Amino acid sequence: LILGMGLPTTANYIVVSSLLAPVVVTLGQQNGLIVPLIAVHLFVFYFGIMADVTPPVGLASFAAAAVSKGDPIKTGITAFYYSLRTAALPFLFIFNTDLLLIDVDFAHGVLIFIVATIAMLIFAAATQVWFLVKSRWYESVLLLLVAFTLFRPGFWMDMVHDPYRGTPPAQLAQTMGEVEAESTLRLRILGEDAVGKPRKFTLLVAVPDGANGEERLANLGLSLYEQDGKTLIDNVAFGSPAATMGLEFDQEILTVKAPTDRWRKEWMWIPGFLLFGMIVWLQRRRSKAG
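Draft legend 1. Representation of the overall build of the chain. Broken down by element type, the chain carries 13 helices and six strands. Computed over the C-alpha atoms, the radius of gyration of the chain is 24 Å, more than 25% above the 19 Å expected from 2.2 N^0.38 for a compact globule of 290 residues. Its C-alpha atoms give the chain principal-axis dimensions of roughly 70 × 45 × 35 Å. Of the contacts made within the chain by residues no fewer than 6 positions apart, 60% connect residues no fewer than 24 positions apart. Summing over all exposed atoms, the chain offers an accessible surface of approximately 16300 Å²; the carbon and sulfur share of this is 65%. The chain carries 22 positive and 24 negative side-chain charges, and their two centres are separated by 19 Å.

Okay, structure coming up:
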């Protein structure tokens, strides 16, 4: 928001993408969140654009105030309130990359866009405190809950069933042999940064082809060894996928998580729509009584 103040769109993107996108990627890795680069760029760009309606330097708000002869700061505050939907959207890019059509087929993409549009309208109704009639406070809270469920059904599904199962780091080769090729493992790594300070980060590792786990590990470009109960990287082949991911000699593998079979997260849309139906019923009954 601060970096985007007073900048045109192109300059805005250049500034926020060059200064903030690498920070968001690194911060996500350190906290176990792997974010696609396109999602990060959209995240920082949206917040840079939000500066156009955010006081004290909101160029779009000031232009609107000049047309309406209104107070610039009050116009900016009102515009920011109306733009809360835009403030929520970047977080959806981070936590639900299906909205960016990453690994999504055509039919699924159409369904996601329809549900996301409905969720955005529900979010707008909650923030405006009006749906079919003026909403009561608990109805606005429930509408926000419905919008969140439709936007990010995986949040609730992860509580019901963890998408990953933990395996001992020493059994990495065995784990790679058990999963299907091209599936992904989550590795938590302990290493050092450029100045020698310890740092932890998470990597998504695509499992390469191979007849067994040992061959897949070799195709990945990794060799490991055990020391004092720790699983350490012994060697990383030059130019290998492991080297491209940033794995280096003597880093420690803390945890290994393999994907599990579970219900699709979209099943959580059903209770979300049922709750939405209850709100519609309550407001329709109140509108008829009025």
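Draft legend 2. Molecular detail of the pairing of strand β4 (residues 222-227). Where β4 meets strand β5 (residues 230-236), six bridges bridge the pair, whose relative direction is antiparallel. Of the residues in β5, the one forming a bridge with Glu226 is Thr231. Where β4 folds back onto β5 in an antiparallel hairpin, the turn is made up of two residues, including Asp228, whose phi is positive at roughly 55°.

Draft legend 3. Focus on the side chain of Thr149. Summarising the element assignment, Thr149 is placed in helix α8 (residues 137-151). Of the polar contacts made by the side chain of Thr149, one reaches the side chain of Trp156; its length is 3.1 Å. Dropping the residues within four chain positions of it, Thr149 is found in contact with Trp156, Met268, Trp269 and Gly272.

Draft legend 4. How the structure looks around the environment of Thr184. Mapped onto the elements of the fold, Thr184 is located in strand β2 (residues 184-192). Separated by 75 residues in the primary sequence, Thr184 and Pro259 have C-alpha atoms spaced 7.1 Å apart. Once residues lying within four places of it in the same chain are set aside, the contact partners of Thr184 are Tyr164, Leu204, Val205, Ala206 and Pro259.

Here is what the cut-offs are and how they apply
- Residues numbered from 1 in each chain as written.
- Predicted model: local features only at pLDDT ≥ 70, side-chain atom pairs only at ≥ 80, totals over all residues.
- Heavy atoms only, no water.
- Helix = DSSP H or I, 4+ residues; strand = E, 2+ residues; numbered from the N terminus.
- Rg over C-alpha atoms; globule rule 2.2 N^0.38 Å.
- Contact = heavy atoms within 4.5 Å.
- Areas by Shrake-Rupley, 256 points an atom, 1.4 Å probe, with all protein chains shown as cover.
- Lys, Arg positive; Asp, Glu negative; His and termini not counted.
- Charge placed at Lys NZ, Arg CZ, Asp CG, Glu CD.
- Pairing = 2+ DSSP bridges.
- Polar contact = N/O pair within 3.5 Å; in protein donor to acceptor, adjacent residues only side chain to side chain.

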